[in-house]
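Listed below are the residues making up each chain.
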Amino acid sequence: MNNAKYYNDSLAYDFELFMPRTEQEKRAQIVKMPKRKVNKASQRAARKGVSRTVSIVMVGTMLVAMICAGIALRVEISEVNSQIVDAKNQLAALSGEETRIDMEIGRMMSYKNIEDAAKAMGMKKMDKSQIVYIRVNDENKAVDAQGNVLTAEKE
C-alpha cells in the first residue's frame, strides 16, 4: 500500500481502506515468521535443570524444617523434664514435712505427756476407793451415796 499520497494532500480520504479486501490482499498483509527449530534435547535438559533445582530446594527446606522441629521437641522435652524434677523435689520436701509433723504428733500424744497433763489438772489414777457398786435386787430401786432410795415409780 502506498501511503505517500496521504502526505501530499491532507483533504483527501482514502476510501479504499474501508472497502472489502480480496483473499490475495489479505494474504499479502499476513507476515509469516520463520519457524524456530526447537531442540527437544535442550528443552528436556532445561526442564531437568529446573526440576533438579526445585527438588534440591524442596529437600533442603524439608531438612531445615526437620532440624527445627527436632530442636523444638528437644526444648519441650527439656522443659517437661525440669517440671518433673521440680515436682519430685517438692514431693520430697512435703514428705519430709509430713514425717516431721507425724513425729511431733506422736511426741505430743505419748502416754507420759497425757499423764503429765492430767496431773497438772488435778487428776489422779483410779483406785478401789473410787469404785461405787450398785446393788440391784428384784425391785426397781437403787440407793445413792447419801442413802436415798431411788425408784422408777414417781412418788
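Thresholds, definitions, all that
- Residues numbered from 1 in each chain as written.
- Predicted model: local features only at pLDDT ≥ 70, side-chain atom pairs only at ≥ 80, totals over all residues.
- Heavy atoms only, no water.
- Helix = DSSP H or I, 4+ residues; strand = E, 2+ residues; numbered from the N terminus.
- Buried < 20%, exposed > 50% of the residue type's maximum accessible area, 1.4 Å probe, protein only.
- Areas by Shrake-Rupley, 256 points an atom, 1.4 Å probe, with all protein chains shown as cover.
- Salt bridge = Lys/Arg side-chain N within 4 Å of Asp/Glu carboxyl O.

Q: Give me the overall build of the chain: which residues, what numbers.
A: Of the regular secondary structure elements, the chain holds four helices and two strands. For the chain, the succession of helices and strands along the chain, N to C, is α-α-α-α-β-β. For the chain, with 155 residues in total, the buried portion stands at 1%. Accessible area of the chain: about 15,900 Å², with a carbon and sulfur share of 61%.

Q: Give me the lowdown on the pattern of salt bridges, citing residues and values where you can.
A: Counted under the stated rule, the structure contains four salt bridges. Residue Arg100 is joined to Glu104 by a salt bridge in which the shortest nitrogen-to-oxygen separation is 3.0 Å. You can see Arg100 and its partner Glu104 sitting in helix 3 (residues 40-108), four residues apart, about one turn around the helix. The partly exposed category is assigned to Arg100, whose relative accessible area is 42%. Notably, a salt bridge pairs Glu115 with Lys119, separated by 3.7 Å at the nearest N-O pair. Separated by four residues within a single helix, Glu115 and Lys119 lie in helix 4 (residues 111-120), roughly one turn from each other.

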